[in-house]
Amino acid sequence: MKKNKIIGIVVLCLLLAWMLLIAIDCIRIKNSESETQPFITINIKDYENGNKYTSLGYSVMYYKINNTAGYGTEIKLFDTITLYKIEAQ
């Protein structure tokens, strides 16, 4: 019983640390003026219209908007849930 409680506390601490990492990275990327990589970058993909940085459970996509001088930033959790998206001219 005591062993299960310790394992639960460790898992909860790891989950909270992961959520804190995502929150800090989102704030840092929102406030940056150029393409900022996540703290822990697992994979980088270069596309014709931008770059995608994959991290621990989330990804950051920087892209150029077609036929304009604009650009955009998108942060997705597990490549499905959009946490943050902005397009600027």
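Preceding this paragraph is the structure being described.
Quick caveat: nothing in here was measured; it's all calculated off a predicted structure.

Caption draft 1: Local environment of the environment of S32. Examined against the element boundaries, S32 turns out to sit in the loop between α1 (2-30) and β1 (43-47). At 2.9 Å, the side chain of S32 and the backbone oxygen of I29 are in polar contact. Looking at S32, its side chain comes within polar contact range of the side chain of T36, at 3.1 Å.

Caption draft 2: Highlighting the layout of surface pockets. When its volume is computed, the largest pocket comes out at roughly 320 Å³. Elements that contribute at least two residues to the lining of the largest pocket include exactly α1, β2 (50-54), β3 (58-64), β4 (71-77) and β5 (81-88). A total of 4 residues in the lining of the largest pocket trace back to one element, the largest contributor, which is β5. Residues of the lining of the largest pocket, tallied by class, amount to 7 nonpolar, 7 polar and 5 charged.

Caption draft 3: Seen up close, the side chain of S59. Following the sequence through the fold, S59 ends up in strand β3. Among the polar contacts made by the side chain of S59, one reaches the side chain of D79 at a distance of 2.6 Å. Residue contacts for S59: discarding those within four places in its chain leaves K52, Y53, T54, E74, I75, K76 and D79.

Caption draft 4: Summary view of unusual backbone geometry. Although it is not a glycine, F78 adopts a positive phi angle of roughly 55 degrees. With respect to the element layout, F78 can be found in the loop between β4 and β5. Phi is positive for D79, close to 60 degrees, though the residue is something other than glycine. You can see D79 is positioned in the loop between β4 and β5.

Caption draft 5: Layout of the pairing of β2. Taking burial as the measure, the 5 residues of β2 include 4 buried ones, the bulk of the element. The sheet contact formed by β1 and β2 spans 5 bridges and is antiparallel. Paired with D46 across the strands is N51, a residue of β2. Where β1 hands over to β2, the hairpin turn is made up of 2 residues, counted between the paired strands. Relative to β3, β2 is paired through 5 bridges, and the arrangement is antiparallel. The partner of K52 across the bridge, within β3, is M61. Connecting the antiparallel pair β2 and β3 is a turn made up of 3 residues, with G57 showing a positive phi of about 90 degrees.

Rules behind the numbers
Residues numbered from 1 in each chain as written. Predicted model: local features only at pLDDT ≥ 70, side-chain atom pairs only at ≥ 80, totals over all residues. Heavy atoms only, no water. Helix = DSSP H or I, 4+ residues; strand = E, 2+ residues; numbered from the N terminus. Polar contact = N/O pair within 3.5 Å; in protein donor to acceptor, adjacent residues only side chain to side chain. 1 Å grid on protein atoms, 1.4 Å probe; cavity = no way out; pocket = protein on both sides within 12 Å on 5 of 7 lines; lining within 4 Å. Points joined across faces, edges and corners; volume = space filled by probe spheres on them. Nonpolar A, V, L, I, M, F, W, Y, C, P; charged D, E, K, R; others polar. Contact = heavy atoms within 4.5 Å. Buried < 20%, exposed > 50% of the residue type's maximum accessible area, 1.4 Å probe, protein only. Pairing = 2+ DSSP bridges.

Honestly, it's all geometry; don't read function into it.
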